Amino acid sequence: MRWLPVWQRNLLVWRKLAGTSIIGNLADPLIYMLGLGYGLGKLIPEMGGMSYLAFVASGTVCYSTMNSATFEAMYSGFSRMHVQKTWDAMLNAPLSLDDIVLAETMWAASKSLLSGICILFIASLFGLTQGWLWLWILPIVFLIGLCFASLGMIMTAIAPSYDFFMYWFTLAITPMMLISGVWFPADQLPAIVQTLAACLPLSHAVQLVRPLMTGQLPVQTLLHVSVLLGYIVVAYLIAHTLLQRRLLK
Amino acid sequence: MSSPPLVVTDLHKNFGDTPIVRGISFSLAPGECYALLGPNGAGKTTTLRCCLGLTEPTSGHIMLGGEPLPRRAREARLRVGVVPQMDNLDPDFTAGENLLVYGRYFGMKDADIRARIPQLLSFAGLEGKENSRIQTLSGGMKRRLTLARALVNDPDLLILDEPTTGLDPQARHLIWERLKALLARGKTVLLTTHFMDEAERLATRIAILDAGKLIAQGTPREVIQTHIEPDVVEVFGDWQNGAADTSATGTAADWARANAAQFVERFEVSGETAFCYAHEPAALLAHLHAQHGLRYLHRPANLEDVFLKLTGRELRD
C-alpha cells in the first residue's frame, strides 16, 4: 500500500479545488445528457426499448467516466510528471515508479468514479434508474475509469507536450464515442464499423451499464468485463514500461 | 551507523553509446561533507542519480547505507534526504502540507510528521510560514523549505544537487550555515556544486569531476597543494611599455607574453588578464611594482585556480 500516500496527495489537491472541479466535471456531461435527451427526445419517442433520455443517460455515465479518467491521467498526470516534477520528488523518497504509476492510475479511476456517481445520482433524481441492479454500475464505472486511465497514461508516457493529447482525443476518444452506442444504437452502423466498435472498450462499457440502469441483467457480462480487464492489464503494462524508459533512463 | 553511508566502486554509465560517467570510485565516511565539483555536463547529476538508484549503472557497484543499488534502492532511500537541483515543491500546497505529504511517502504517521513540522520550519528559518502558499515564498525560502522537506525523515545522509544555485548571497550564507549545523549534528552530506567557495567552506573532502572521471580528490587543502603553485598574481590594466616611451602601450596580456616567463613557472592569459602561478613571487612583485599602468592582485591559490587548471577555461554547455 505504498501507493496510497501518492493517491492521498492527489486527493488533497483535489479537495482544495473541488468546487470548480466538480462543476467543470459535471456541467459538460449534464448539458449533453439533458440537452440531447430532452431536445432530441421530443422527436424520438423511444430508443432501444426506453425513453431517449434514459438511453442517453446510460451513455453519459460511460462517456463522462471515460472523459474524466482520460483528462486526469493525461493533462493532470503530465503536469505532475513533467511540468511540476512532482514525480521526481516522490522518486527521491522511498517510493518506486511502480508505486507512483499505480497511484496515478487508481487516482484517475477514483476521480472518474466520482464523476460517474454524480451522473448516476442525477439520473436517479430524474427517475431514470429502475430497481436496485443499477448499483452494480459503480464497480463497472471504476473498471471503465481504470481502463481509460491506463490508456491515458500511455499517452502521458510518450507526450512531448500538452498539445500531443489532442491526437488522442480527436483520433481515438471522439470517434470511439460516436460508434460505441453512447448517443444512438450502434447496430444501425455499417458492419465494419460495428466490428471495430466491438474491439474497443467503450462499447463494452455501454453494453454493461445500459441494461443495469433499467433494472435488467446485461447479456454476455463475462465477455464485456473481460474486455475491460484485458484493456486495463495490457494498457497498464505498456504505460508502465514506457514510463520506466522515460524517467529511469 | 555500522556501514559507510555511501560506497561507489568503478561506476560507469552510458547513455546509448555516449559514456557520461567513466569509472569513478569514492566513498563517504560518516559525518563528513563530500563535494563533487565539475563543469556543466561533467556527469555530476548522473552520478547522483546512480547513487539514489534512479538509474541503473552500465557497470560498477554502489552501496547506499549498506544496501546494494539499484536492487534495494527504495529501502536505502528511507535513510536519505534529497535536495534536488530544481525545486519541485508542491505548488498547490502550503509549506506545512508540503512537509506532511512528503513525510507520508516515508511511511510516517501523520501525528509524527505534524509533531516535527514546527522544528523543521524553524530550522529552515521559516517560523510562522506553515500556512503560507508556496507561490508566496521567495526563491531562498523555497530552497530552505526543500531542505526542511529533505529532513522530514531525519536522514543519516543528505544529498544536495547544487543547493545554492540561483540564490542571493544572504540566502546562500543561510543555507551554508544550516548545512554546517547538520554536519555538527553528525549528518553525512554529499553535495554537488560549481561554486568553489561553497566547497572550500563546507567540504571535508572534495572531488573534481570532468568528462565523467574524477581528476582530483582530497581535502580542499590537499587538492590545492597537489595540483597548483601556492601563490597567484593576477595582472590587469594597461601596460606602458617602458617608462620613457609612453606611446607604446598594451594590455596586461601583452605584458605577460613578453615578460611573465622569466619570473614564474606558469602563467595563463584570459581576456586581458594574466594569471601568474608561482612558488616564489617576490621577484615578480618587485618587477610589477616598477611597471606603469599595470595593476595586480597577489593572493594564495584557491580551489577555483585548481579547477580552472584541471578543467580548462573554455565554456562548457
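Conventions we followed
Residues numbered from 1 in each chain as written. Chains lettered and ligands numbered in written order. Predicted model: local features only at pLDDT ≥ 70, side-chain atom pairs only at ≥ 80, totals over all residues. Heavy atoms only, no water. Helix = DSSP H or I, 4+ residues; strand = E, 2+ residues; numbered from the N terminus. Buried < 20%, exposed > 50% of the residue type's maximum accessible area, 1.4 Å probe, protein only. Contact = heavy atoms within 4.5 Å. Areas by Shrake-Rupley, 256 points an atom, 1.4 Å probe, with all protein chains shown as cover. Lys, Arg positive; Asp, Glu negative; His and termini not counted. Charge placed at Lys NZ, Arg CZ, Asp CG, Glu CD. Buried area = accessible area lost by both parts, 1.4 Å probe. Salt bridge = Lys/Arg side-chain N within 4 Å of Asp/Glu carboxyl O. Polar contact = N/O pair within 3.5 Å; in protein donor to acceptor, adjacent residues only side chain to side chain. Nonpolar A, V, L, I, M, F, W, Y, C, P; charged D, E, K, R; others polar. Axes fitted to C-alpha atoms, helices over the stretch in contact; angles between N-to-C directions. Parallel < 35°, antiparallel > 145°, perpendicular 65-115°, else oblique. Left-handed = near helix turned anticlockwise from the far one by under 90°. Pairing = 2+ DSSP bridges. Domains from an automatic or database assignment. Expected span 1.5 Å × (residues − 1). Bend = angle between axes of the 7 residues up to and from the residue. 1 Å grid on protein atoms, 1.4 Å probe; cavity = no way out; pocket = protein on both sides within 12 Å on 5 of 7 lines; lining within 4 Å. Points joined across faces, edges and corners; volume = space filled by probe spheres on them. Phe/Tyr/Trp six-rings, centres within 6.5 Å; stacked < 30°, edge-to-face > 60°.

(A) Quick look at the overall build of chain B. When helices and strands are counted, chain B shows 11 helices and 15 strands. Across its three principal directions, the C-alpha atoms of chain B cover 80 × 45 × 35 Å. Per-residue burial for chain B yields a buried fraction of 52% across its 317 residues. Long-range pairs, those at least 24 residues apart, make up 68% of the contacts in chain B with a sequence separation of at least 6. Approximately 14,000 Å² of chain B is accessible, and the part contributed by carbon and sulfur atoms is 49%. Charged side chains of chain B number 35 positive and 39 negative; the gap between the two group centres comes to 7 Å.

(B) A look at the interface of chain B and chain A. Each side of the interface is counted separately: chain B has 24 residues, and chain A has 24 residues. Note on chain B versus chain A: buried area summed over both sides is about 2,200 Å², and carbon and sulfur give 57% of it. Counting the contacts that link chain B with chain A gives two salt bridges. For R9 of chain A, the salt bridge is made with D90 of chain B, and the minimal N-O distance between the two is 2.4 Å. Inspection of the chain B/chain A interface yields nine residue pairs in polar contact (both at pLDDT 80 or more). Contributing elements (two or more residues each) for the side of chain B that touches chain A: β1 (6-15), α2 (73-77) and α3 (95-105) of chain B. Here the side of chain B that touches chain A takes five residues from α3 of chain B, the largest share from any one element. Tallied by class, residues from the side of chain B that touches chain A come to 12 nonpolar, three polar and nine charged.

(C) Main features of unusual backbone geometry. P70 of chain B follows L69 of chain B through a cis peptide bond whose omega is -5°. Unlike most non-glycine residues, K85 of chain A shows phi in positive territory, near 60°. Here K85 of chain A shows up in the loop between α3 (52-83) and α4 (86-92). Owing to a relative accessible area of 30%, K85 of chain A belongs among the partly exposed residues under this scheme. The phi dihedral of Q220 of chain A is positive, around 55°, even though this residue is not glycine. Considering the arrangement of structural elements, one finds Q220 of chain A in the loop between α9 (201-213) and α10 (221-247).

(D) Representation of the packing of α3 of chain B against helix α5 (residues 139-150) of chain B in the model. Residues and elements named next belong to chain B. Contact geometry of α3 with α5 gives a least axis separation of 9 Å together with a crossing angle of 30°. Comparing the axis directions of α3 and α5 gives the class roughly parallel. Judged by the sense of rotation from one axis to the other, the crossing of α3 with α5 is right-handed. From α3, A95, L99 and Y102 reach across to α5, where they touch L145, A148 and R149.

(E) Representation of the sheet that holds β1 of chain B in the model. Residue and element names in this part refer to chain B. Here we have four strands laid out as an open sheet, ordered β2-β1-β4-β5, and antiparallel in their pairing. Two strands close off the open sheet at either side, each with one partner strand: β2 (18-28) and β5 (67-69). With direction set aside, neighbouring strand axes in the sheet form an average angle of 25°. Summarising the sheet, β1 and β2 pair through eight bridges and their orientation is antiparallel. If you follow L11 over to β2, its bridge partner there is I24. Across the sheet, helix α1 (residues 44-51) is in contact with β1, β2, β4 (59-64) and β5; its angle to β1 comes to roughly 120°.

(F) Spatial organisation of the domain arrangement of chain B. Domain parsing of chain B yields domain 1 (6-225) and domain 2 (229-300). Centre-to-centre, using C-alpha coordinates, domain 1 of chain B lies 42 Å away from domain 2 of chain B.

(G) Main features of helix α2 (residues 18-39) of chain A. All names here are of chain A. End to end, α2 covers 30 Å across 22 residues, agreeing with the expected 32 Å (1.5 Å per residue, within 8%). A27 marks the point of greatest bend in α2, at about 25°, and the proline P29 comes within the next four residues. The secondary structure elements touched by the buried residues of α2 are α1 (4-16), α3 and α5 (97-125).

(H) Main features of the layout of surface pockets. Approximately 910 Å³ is the volume attributed to the largest pocket. Lining the largest pocket are 32 residues, and of these D88 of chain A together with T45, R49, Q85 and D161 of chain B lie nearest its centre. Taken together, the elements giving at least two residues each to the lining of the largest pocket come down to α3, α4 and α10 of chain A together with α1, β6 (80-83) and β7 (157-161) of chain B. A total of five residues in the lining of the largest pocket trace back to one element, the largest contributor, which is α1 of chain B. Size it by volume and the second largest pocket reaches roughly 500 Å³. Forming the boundary of the second largest pocket are 22 residues, of which A186, D187, V206, Q207 and R210 of chain A lie nearest the centre. Looking at the lining of the second largest pocket, the elements with two or more residues in it are α8 (191-199) and α9 of chain A. Its residues placed into classes, the lining of the second largest pocket shows 11 nonpolar, nine polar and two charged.

(I) Layout of the packing of aromatic side chains. All names here are of chain A. Under the definition given, this model contains 16 aromatic pairs over all chains. Centre to centre, the rings of F71 and Y75 are 5.3 Å apart; their planes meet at 25°, and the pair counts as stacked. In this pair, F71 and Y75 are both assigned in helix α3, four residues apart and thus about one turn of the helix distant. Take Y75: its relative accessible area is 23%, and that puts it in the partly exposed class.

(J) Looking closely at the pairing of β6 of chain B. All names here are of chain B. Neither face of β6 is left uncovered, since the one carrying V80 and V82 and the one carrying G81 and V83 both have all their residues buried. In this structure, β6 lies alongside β7, joined through four bridges in parallel fashion. Looking across to β7, one finds that G81 is bridged to L158.

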